[in-house]
Amino acid sequence: MDLSVQNVTKVFQEFKAVDNVSFEVQEGHFFSILGPSGCGKTTLLRMIAGFIEPDLGVIQIRGADMTGIPPNKRPVNLIFQHLALFPMMTVAQNIAFGLQRQREKKADIGEKVERILKRVGLPGFGSKKIDQLSGGQRQRVAIARCLVLNPTVLLLDEPLGALDLKLREQMKVELKKLQAQVGTTFIYITHDQSEALVMSDYVAVMNQGSFEQVDTPQNLYHKPGTPFVARFVGDNNAWTGKIRRCDNDGTAEIVTTEGQGFHTKIDGVFQAGDEVDLFLRPEAMLIQPDPSVSGLNRFEVTVRAILFDGANSRLLANPHDSDVEMLIALPQNRQYDHIRENDKIEIGWDVKSGICFPTSLHENA
Amino acid sequence: MKYQIRWALIFFLTPVLLWLFLLIVLPHIDLLLMSFRVEDDYGEMTWSFSNYMNFFNEPIYWLTFVRTAVYSILVTFLTFVTALPVAFYITKVASPRFQGFLAMLLLLPFWVSELVRVYGWMILLRESGVINHFLLRLGILDRPVEMLYNDVTMVMGLVYTSMLFMSVPLISALESLDNSLIEAAYDLGADMWSILFRIIIPHSMPGIVSGSIVVFMLTLGNYLTPNLMGGKNSLWFTEQIYNQFIASFNWNQGAAFGFLLLVLSSLVIWTGLKLTRQKLTGVIK
């Protein structure tokens, strides 16, 4: 167990930035904390790094209590949002900085710097100045500067935020590969769900100071634990409605506030008359499903706009007779090229695709 | 278009050039010529190096000269050591709401003239002064001690006079220092001293050097503070120049001393820039 956080709370002038958060990270895992800005994820990270002391709770690293230990004595290193490379030093001096503080021998330092530069794909860059590097290269120097110290846990504070999209996509894959190679435990905080989902072994979704769900990226997407997770991770279509009838096979009949009737799977205990939120992924909806397929909720929608975005293309549509806007995945296999704006098309979704929550949970979202 | 720009340039440059030429270059040329003139045995003015030779032959002159230089460097260093924590506190520790107020407090004493400030110190420090009064009252001293007219008091007065000119460039240098650099160094295992020497000082080098140049030149050319707070043994080189011009009425000798002081300050600043590997143009920015 590399990191264990137990019941950690931090209050800033009446405002609970982090509220009773507990989690554990196994050795060698890539763990992400995903949440909107202001949810307390940076505060949590800074508490692990040692810049802020928690008001309550314990942070342990490899079993050792970190209470009262300053950042320069902790076996963790932090990669800052804007990297915080030292502009007055060369690349090699930046990387050697931590090793010099540990009073390592000069020859060892030189050798370690060379080795880590090779590892992050920047051999021979040692004598360059920081302002001579591109965004991606700086990123790698920042990672090298921390990894050379062999930290137990490497903390990353949205380091990809400043990069342009193309480079960010590339760095995501690189960071994941690098983590797999070195085997260091990474804790990565981000508001970008795609970064969290692509790279992580486990993701914690954080909202208003507490964790909503800690799970694998697949489970977060397919089985969100709370309405907030369902809304925040990936796109979702949401309806509110009432249960008309519960069936014995774990499904229920739901009437939305717009008067549409759906048949969906339910998890947990519901009764007829309960208010529910129903979520449905855009890709769970099939466009013009084959009439022979049974067990689908079928209805007609009017296409309002075609949102073309390559593999991630969508249709924006209104179910007939209402102003509810829905997103429907539009696979780019040329099968649906005939669809135009204002067309009326039939949509179907499988009973098992729906995700239902009692409305009382809604207030967290 | 091209001519317009040229005319505008001439229009704005002329007053500056005139000012520089009439008030700085011309008098200096005159002083330089004067410094090479001496009265011979018949009362005639002739060309000679003897004004400069006097400086080297008479130990009191060059000893005062060396003393002034060494003390000016010391004052510059002490001012830096005092101003750095102040500037650091104002820019990085104090809450942003108080930063302006604190900087204002630093500026406030400079609204009164140097003379008044030095007299203020004299009222505090003299034998019958405020501090002696309290020390006697508290029973710490049996009889009053003269705290004025020695080198320590003089250096303190000079540091006090120079504080603002060091702290302002330091504040602006530290303001541009990203806090996350300090945090990153701390996170990488640095203690306070290595953060100071590896991050804060290298980053604020241009501010330190420009502040030091100003403080050094002001201290070297200061007349009032050494004269009023320093003792009979605390001679400052400016006092030697004053004596030559006013007391001995030997303008030629005074001019030679003035030029020696100019050479000295240029030399020390040049050496300082070389040692810290800064460029004058970069520092002025």
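First, a word on what this report is: a plain description of the structure on this page.

One frequent convention defines the size of an interface as the accessible area lost when the parts assemble. Taken together, the contact pairs 23 residues of chain A with 16 residues of chain B. Both faces considered, chain A and chain B share a buried interface measuring about 1,800 Å² in area, 64% of it formed by carbon and sulfur atoms. When the buried surface of chain A facing chain B is broken down by residue, Asn72, Met88 and Arg101 of chain A rank first, second and third, together holding 31% of it. Applying the counting rule to chain A against chain B returns 1 salt bridge. For the salt bridge of Arg46 of chain A with Glu183 of chain B, the shortest nitrogen-to-oxygen distance reads 2.5 Å. Between the two partners, chain A and chain B, sit 7 residue pairs in polar contact (both at pLDDT 80 or more). Each residue belonging to the side of chain A that touches chain B can be placed in one class, and the counts come to 16 nonpolar, 4 polar and 3 charged.

Within the structure shown, the criterion is met by 28 aromatic pairs over all chains. Aromatic side chains Phe228 of chain A and Phe232 of chain A sit 5.3 Å apart centroid to centroid with 10° between the ring planes, which places their arrangement in the stacked category. Pair noted here: Phe228 of chain A and Phe232 of chain A are both in helix α8 (residues 227-232), with a separation of 4 residues, about one helical turn. There is no split in this pair, since Phe228 of chain A and Phe232 of chain A are both buried. For the ring pair Phe237 of chain B and Phe257 of chain B, a centre distance of 5.3 Å and an interplane angle of 50° mean the geometry is tilted.

Turning our attention to helix α1 (residues 41-49) of chain A. Across the 9 residues of α1 of chain A, 7 count as buried, placing the element largely inside the fold. Within the span of α1 of chain A, buried status applies to Lys41, Thr43, Leu44, Leu45, Met47, Ile48 and Ala49 of chain A.

Moving on, we come to the pairing of strand β17 (residues 314-319) of chain A. Moving residue by residue along a regular strand, the side chains alternate between the two faces of the sheet. Residue and element names in this part refer to chain A. Here β17 lies mainly inside the structure; 6 of its 6 residues are buried. Along β17, one buried face is formed by Arg314, Leu316 and Asn318 and the opposite face, lined by Leu315, Ala317 and Pro319, is buried too. With 6 bridges connecting them, strand β16 (residues 296-307) and β17 associate as antiparallel partners. Looking across to β17, one finds that Val303 is bridged to Ala317.

For the rest of this paragraph, the subject is the sheet that holds strand β7 (residues 153-157) of chain A. Residue and element names in this part refer to chain A. Strand order in the open sheet formed by 6 strands is β6-β7-β8-β3-β9-β10, and the pairing between neighbours is mixed. In the strand order of this sheet, the two ends are held by β6 (76-79) and β10 (210-215), each with one partner. The average undirected angle you get between the axes of adjacent strands in this sheet is 20°. Of the strand pairs in this sheet, strand β3 (residues 30-34) and strand β8 (residues 185-190) are connected by 5 bridges, and their pairing is parallel. Within the sheet, the bridge partner assigned to Phe31 lies in β8 and is Ile187. Contacts from α1 reach β3, β6, β7, β8, β9 (202-207) and β10 within the one sheet, and its direction differs from that of β7 by about 150°.

With that settled, consider the packing of helix α9 (residues 192-220) of chain B against helix α12 (residues 251-276) of chain B. Residue and element names in this part refer to chain B. Relative orientation of the contacting elements α9 and α12 amounts to 165°, with a least axis distance of 11 Å. When the axis of α9 is compared with that of α12, the two are roughly antiparallel. Here α9 and α12 pass one another in a crossing that is right-handed. Packed against α9, whose contacting residues are Met205, Val209, Ile213, Phe216, Met217 and Leu220, the element α12 presents Leu261, Leu264, Ser265, Val268, Ile269, Leu273 and Thr276 at the interface. Among the residues forming the contact of α9 with α12, the class breakdown is 11 nonpolar, 2 polar and no charged.

Residue and element names in this part refer to chain A. Counting 115 residues, the largest nonpolar core has Leu3 and Phe23 as its most contacted members. If sequence neighbours within four positions are ignored, Leu3 has contacts with Phe23, Glu24, Val25, Ile48, Ile59, Gln60, Ile61, Val153 and Ile187. Of all hydrophobic cores here, the second largest spans 28 residues; its members include Ala284, Val301, Val303 and Ile328.

The full count for this structure, using the stated rule, is 0 disulfides over all chains. Cysteine Cys246 of chain A remains unbridged, with the sulfur of Cys356 of chain A as its closest cysteine sulfur at 9.4 Å.

Here is what the cut-offs are and how they apply
- Residues numbered from 1 in each chain as written.
- Chains lettered and ligands numbered in written order.
- Predicted model: local features only at pLDDT ≥ 70, side-chain atom pairs only at ≥ 80, totals over all residues.
- Heavy atoms only, no water.
- Contact = heavy atoms within 4.5 Å.
- Buried area = accessible area lost by both parts, 1.4 Å probe.
- Salt bridge = Lys/Arg side-chain N within 4 Å of Asp/Glu carboxyl O.
- Polar contact = N/O pair within 3.5 Å; in protein donor to acceptor, adjacent residues only side chain to side chain.
- Nonpolar A, V, L, I, M, F, W, Y, C, P; charged D, E, K, R; others polar.
- Phe/Tyr/Trp six-rings, centres within 6.5 Å; stacked < 30°, edge-to-face > 60°.
- Helix = DSSP H or I, 4+ residues; strand = E, 2+ residues; numbered from the N terminus.
- Buried < 20%, exposed > 50% of the residue type's maximum accessible area, 1.4 Å probe, protein only.
- Pairing = 2+ DSSP bridges.
- Axes fitted to C-alpha atoms, helices over the stretch in contact; angles between N-to-C directions.
- Parallel < 35°, antiparallel > 145°, perpendicular 65-115°, else oblique.
- Left-handed = near helix turned anticlockwise from the far one by under 90°.
- Core = buried A, V, L, I, M, F, W, Y, C linked by side-chain atoms within 4.5 Å.
- Disulfide = S-S within 2.5 Å.

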